[in-house]
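Residue strings, one per chain:
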Amino acid sequence: MTADPPVELAVPADAAAIAAMSRDLIETGLPWNWREGRVLRAIRQPDTNVAVVREDARIVGFGIMEYRDEHAYLSLLAIDPAHRRRGAARSLLRWLEASARVAGVERIRLEARRDNAPARVFYNEQGFHEVGITRDRYSDGIDGLVLEKWLRPRQSE
Ligand SMILES: CC(C)(COP(=O)(O)OP(=O)(O)OC[C@H]1O[C@@H](n2cnc3c(N)ncnc32)[C@H](O)[C@@H]1OP(=O)(O)O)[C@@H](O)C(=O)NCCC(=O)NCCS
């Protein structure tokens with residue numbers, strides 16, 4: 001791929017497709033928490049950005065980031081398997097990170113499954129650090145890994 005895939009904000013009509021991708025690509029084997037109604041609320045919430053990458057009008061990747069007081073929380077990020085390793089996730093993350101900087105938050109946090117090697121490599125590549133482990137975080141007994149990226153110099157306490 002020569003150029004970063006374009007990223008845009010999701011619209012309400014995207015909610016069902018995003019929920020299905022979350023079920024199939026992220027919440028596999030787990031209770032389905034991000035159903036259409038929840039995604040729709042996220043799309044409508046002013047403190048949350050739902051961003052998508054499309055190909056021929058179809059969503060091939062999406063990311064959901066919530067902006068909290070001091071940090072932004074990346075709730076979900078997934079790319080359709082047939083469209084991976086083309087920079088779509090990197091584009092989405094850069095776009096969401098730029099929005100977080102504009103929102104003035106100091107860092108981005110997220111949680112990933114400890115057994116998710118591709119995600120760990122990807123987030124490390126994007127400047128995230130692994131800062132903690134949440135034991136038995138997921139309902140199938142897998143630990144969660146907390147990752148963080150500081151967007152501005154850390155304030156001494
Ligand atoms: C992790 C995920 C989001 C990466 O999406 P992607 O669009 O393929 O990633 P990109 O093409 O932007 O990759 C950027 C860089 O990350 C690293 N990377 C991404 N996927 C990788 C993999 N499977 N193995 C090793 N490195 C990987 C590489 O350094 C890559 O650069 P390169 O292709 O030039 O080597 C995707 O595999 C996915 O959707 N996984 C399932 C859902 C998930 O785990 N989401 C994250 C936790 S919520």
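Residues numbered from 1 in each chain as written. Predicted model: local features only at pLDDT ≥ 70, side-chain atom pairs only at ≥ 80, totals over all residues. Heavy atoms only, no water.

A. Looking closely at the site of the ligand. Close to the ligand lie 19 residues, the nearest being L77, I79, R85, G87 and N116. R85 places a polar main-chain atom, nitrogen or oxygen, 2.8 Å from an oxygen atom of the ligand. Isolated, the ligand exposes 910 Å² of accessible area, and the fraction of that covered by the protein chains is 80%. Of the residues forming the shell around the ligand, the biggest block, 6 residues, is contributed by helix α4 (residues 117-125). Tallied by class, residues from the shell around the ligand come to 12 nonpolar, 2 polar and 5 charged. (Near = heavy atom within 4 Å. Polar contact = N/O pair within 3.5 Å; in protein donor to acceptor, adjacent residues only side chain to side chain. Areas by Shrake-Rupley, 256 points an atom, 1.4 Å probe, with all protein chains shown as cover. Helix = DSSP H or I, 4+ residues; strand = E, 2+ residues; numbered from the N terminus. Nonpolar A, V, L, I, M, F, W, Y, C, P; charged D, E, K, R; others polar.)

B. The arrangement of the packing of helix α1 (residues 15-26) against helix α2 (residues 36-44) in detail. Axis separation between α1 and α2 bottoms out at 8 Å; the angle between their running directions is 120°. Here α1 lies oblique to α2, going by the angle between them. Of the two elements, α1 crosses α2, and the hand of that crossing is right-handed. Contact residues: α1 offers A15, A16, I18 and A19, while α2 offers E36, V39, L40 and I43. Classifying every residue of the contact of α1 with α2 by side-chain character gives 7 nonpolar, no polar and 1 charged. (Axes fitted to C-alpha atoms, helices over the stretch in contact; angles between N-to-C directions. Parallel < 35°, antiparallel > 145°, perpendicular 65-115°, else oblique. Left-handed = near helix turned anticlockwise from the far one by under 90°. Contact = heavy atoms within 4.5 Å.)

C. A look at the sheet that holds strand β7 (residues 144-150). Pairing is mixed across the open sheet formed by 7 strands, whose spatial order is β1-β2-β3-β4-β5-β7-β6. Of all the strands in the sheet, the pair left with one neighbour each is β1 (8-9) and β6 (129-134). Summarising the sheet, strand β5 (residues 107-113) and β7 pair through 7 bridges and their orientation is antiparallel. Looking at β7, one finds that E111 is bridged to V146. Where helix α3 (residues 88-103) meets the sheet, its contacts fall on β1, β2 (48-55), β3 (58-67), β4 (71-79), β5 and β7, and the angle it forms with β3 comes to roughly 30°. Across the sheet, α4 lies against β4, β5, β6 and β7, angled at about 130° from β4, the strand it touches most. (Pairing = 2+ DSSP bridges.)

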